[in-house]
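# Fold and contact review
Given next are the chains, with one letter for each unit.
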Amino acid sequence: MKMTIQNLVNGIPSLGSYAGVIAEIETVLNNPSSTLADLGEVIEKDPALTARLLRLGNSSFFGFPNRLETVSEAVSLIGIQQVQDLILASSVVEVFDGISAELVNMESFWKHSLACGIATRCLAIARQTPKAEKFFVAGLLHDLGRLVLYSKAPEKAIEVFQCYQSGRLLLREAEVRVLDFDHAQIGEAMMRAWQYPPNLVHAVAYHHTPMSGGVYQLESSLVHLADYLVHAMQMGNSGERFVPPLNAKAWERVGLSADILESVMRSVDQQIDVVQETFLKTDAVVQPQAK
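Here, residues in each chain are numbered from 1, in the same order as that chain's written sequence. In keeping with the predicted nature of the model, local features appear solely for residues at pLDDT of at least 70, side-chain atom pairs appear and are counted solely at 80 or more, and the whole-chain, interface and lining totals rest on all residues. Side-chain figures throughout are based on the complete set of non-hydrogen atoms in the structure, without hydrogens or water.

### Observations concerning the nonpolar core
We define a nonpolar core as any set of buried Ala, Val, Leu, Ile, Met, Phe, Trp, Tyr and Cys residues linked to one another through side-chain atoms lying within 4.5 Å. Burial classification: accessible surface area is computed with a 1.4 Å probe over protein chains only, and a residue below 20% of its type maximum counts as buried, one above 50% as exposed, and the rest as partly exposed. Counting 95 residues, the largest nonpolar core has Ile43, Phe96, Phe136, Leu141, Tyr196 and Val275 as the members making the most contacts within it. Put simply, DSSP marks the helices as runs of H or I at least four residues long and the strands as runs of E at least two long, and each gets a number from the N terminus on. The element that contributes the greatest number of residues to this core is helix 7 (residues 106-126), accounting for 11 residues. Contact criterion: two residues are considered in contact whenever any of their non-hydrogen atoms come within 4.5 Å of each other. For phenylalanine 136, the residues in contact, after removing those within four places along its chain, are Phe61, Leu86, Leu114, Gly117, Ile118, Arg121, Val275 and Phe279.

### Focus: the confidence of the model for the protein chain
For every residue, the predictor assigns a confidence score, pLDDT, that lies between 0 and 100. The pLDDT averaged across the protein chain works out to 88; a share of 94% of its residues lies at or above 70. Mean pLDDT across the elements of the protein chain bottoms out in helix 6 (residues 80-95) (79) and peaks in helix 14 (residues 217-232) (97). Counting interchain partners and residues more than four positions distant, the pLDDT-below-50 stretch residues 283-291 has 20 contacts.

### A closer look at the packing of aromatic side chains
Aromatic pairing here means that ring centres of Phe, Tyr or Trp (its six-membered ring) are within 6.5 Å. Orientation follows from the plane angle: under 30 degrees is stacked, over 60 is edge-to-face, and everything else is tilted. In the structure shown here, the tally under the stated rule is 6 aromatic pairs. Centroid distance tyrosine 150 to phenylalanine 161: 5.9 Å. Interplanar angle 25 degrees. Geometry classified as stacked. One end of the pair, tyrosine 150, is in helix 9 (residues 144-152); the other, phenylalanine 161, is in helix 10 (residues 154-166), and 11 residues separate them in sequence. Aromatic pair tryptophan 194 and tyrosine 196: ring centres 6.3 Å apart, planes at 40 degrees, arrangement tilted. On the basis of relative accessibility, which here comes to 10%, the residue tyrosine 196 falls in the buried class. Aromatic ring contacts, followed pair by pair, group Phe61, Phe62, Phe64 and Phe136 into a single cluster.

### A word on the environment of threonine 209
Checked against the element boundaries, threonine 209 lands in the loop between helix 13 (198-205) and helix 14. Sequence-wise, threonine 209 and phenylalanine 161 are 48 residues apart; in three dimensions their C-alpha atoms are separated by 22 Å.

### A closer look at the packing of helix 3 (residues 36-43) against helix 5 (residues 71-78)
The N-to-C vectors of helix 3 and helix 5 enclose an angle of 115 degrees; their axes lie 8 Å apart at closest approach. Judged by the twist between their axes, the crossing of helix 3 over helix 5 is right-handed. From helix 3, Leu36, Ala37, Leu39, Gly40 and Ile43 reach across to helix 5, where they touch Val71, Ser72, Val75 and Ser76. For the contact of helix 3 with helix 5, the per-class residue count stands at 6 nonpolar, 3 polar and no charged. An axis is simply a line fitted to the C-alpha atoms; with a helix, the fit covers only the stretch in contact. Between two such axes, the angle follows the N-to-C directions and lies from 0 to 180 degrees. Crossing handedness is defined as follows: a turn of the near helix away from the far one that is anticlockwise and smaller than a right angle gives a left-handed crossing, while the clockwise case is right-handed. Under the scheme applied here, ten amino acids are nonpolar (Ala, Val, Leu, Ile, Met, Phe, Trp, Tyr, Cys and Pro), four are charged (Asp, Glu, Lys and Arg), and all others, including Gly, are polar.

### Quick notes on the pattern of salt bridges
The term salt bridge refers to a side-chain nitrogen of Lys or Arg lying within 4 Å of a carboxyl oxygen of Asp or Glu. Counted by the stated rule, this structure contains 9 salt bridges. The partner of glutamate 159 in a salt bridge is lysine 156, with the nearest N and O atoms 3.6 Å apart. Of this pair, glutamate 159 and lysine 156 both sit in helix 10, 3 residues apart, which is roughly one turn of that helix. According to the relative accessible area criterion, lysine 156 is partly exposed, its value standing at 23%. The partner of aspartate 182 in a salt bridge is arginine 172, with the nearest N and O atoms 3.1 Å apart. Of the two residues, aspartate 182 sits in the loop between helix 11 (171-179) and helix 12 (183-193) while arginine 172 sits in helix 11, which places them 10 residues apart along the sequence. Arginine 172 sits in the partly exposed class, given a relative accessible area of 22%.

### Section: helix 4 (residues 47-57)
A large share of helix 4 lies buried, amounting to 9 of its 11 residues. Within the span of helix 4, buried status applies to Leu49, Thr50, Ala51, Arg52, Leu53, Leu54, Arg55, Leu56 and Gly57. Within 3.5 Å is the distance limit for a polar contact, defined as a pair of N or O atoms, with the added protein rule that one can donate a hydrogen and the other accept it, and that residues adjacent in sequence qualify only through two side-chain atoms. One side-chain oxygen at the N-terminal end of helix 4 lies 3.0 Å from the backbone nitrogen of leucine 49; it belongs to aspartate 46.

### Structural notes on the layout of surface pockets
Approximately 560 Å³ is the volume attributed to the largest pocket. The method works on a 1 Å grid over the protein atoms by themselves. A cavity is a set of points holding a 1.4 Å probe that cannot get out, a pocket is an open set with protein on both sides within 12 Å along at least five of seven lines, and residues with an atom within 4 Å of a point line them. Residue lining of the largest pocket: 24 residues in total, with Gln81, Gln84, Asp85, Leu88 and Pro197 positioned closest to the centre. Counting residues per element, the lining of the largest pocket draws most heavily on helix 6, which supplies 8 residues. Grid points are joined across faces, edges and corners, and a volume is the space filled by probe spheres set on the points.

See the structure below:
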């Protein structure tokens, strides 16, 4: 039977152990009488999630002048949407835990993905894009399709790598030769199945072909540029050994001066360790202080 994108996406769980927390958050948000303290209490039911949120809130990623002591403080300053995005991003890390090291070094994969998330967010902030925080998740999940492939069809992934290593191809070109589609298309289908908003879906779907992103060309262009920078920095690896070419029109669409790139790369260097620890470290659980 011919492999299809839908075959790959079917059966991938969506939320991992955070499903209950996310459902409770939705209930709280739909209640007009709910407060930030109510939302904080829901999140605090999961100590590991609480530790991640406070660790990230007190890191250089946000750079708040005063230390956050409670989840409700974090939600107030970070924002409800950003907190939801962080929870969903954490769930993705959990869902794809256990992929064989023979296919990909997962620590290196997540380092690349997290660095791309940081860079996308920094670029969005630099051009004063509204709701710039959402771009972290767009960058983080840009190679989601590869995780789906490695998880659901490791034998096909091996074929892709064999094709890739036999010629001077980009990894996505090898994917198309073997599968007739690439990881960006798989990622798009997965994001749609998980009911992510269209701007994030398109950012993932067109991060290699950003000018095909329709009304979301900016989102896909920001992720495209961030991916290029992170590859050039050799910050982790999702399997690709070459630096993918930069789309000149995407650079024009982002509309930033080349001078800003050095500060973006500096920010990635400064933030990657704490962000990587926040999303990948699960053993040290910090209990929140009483409100």
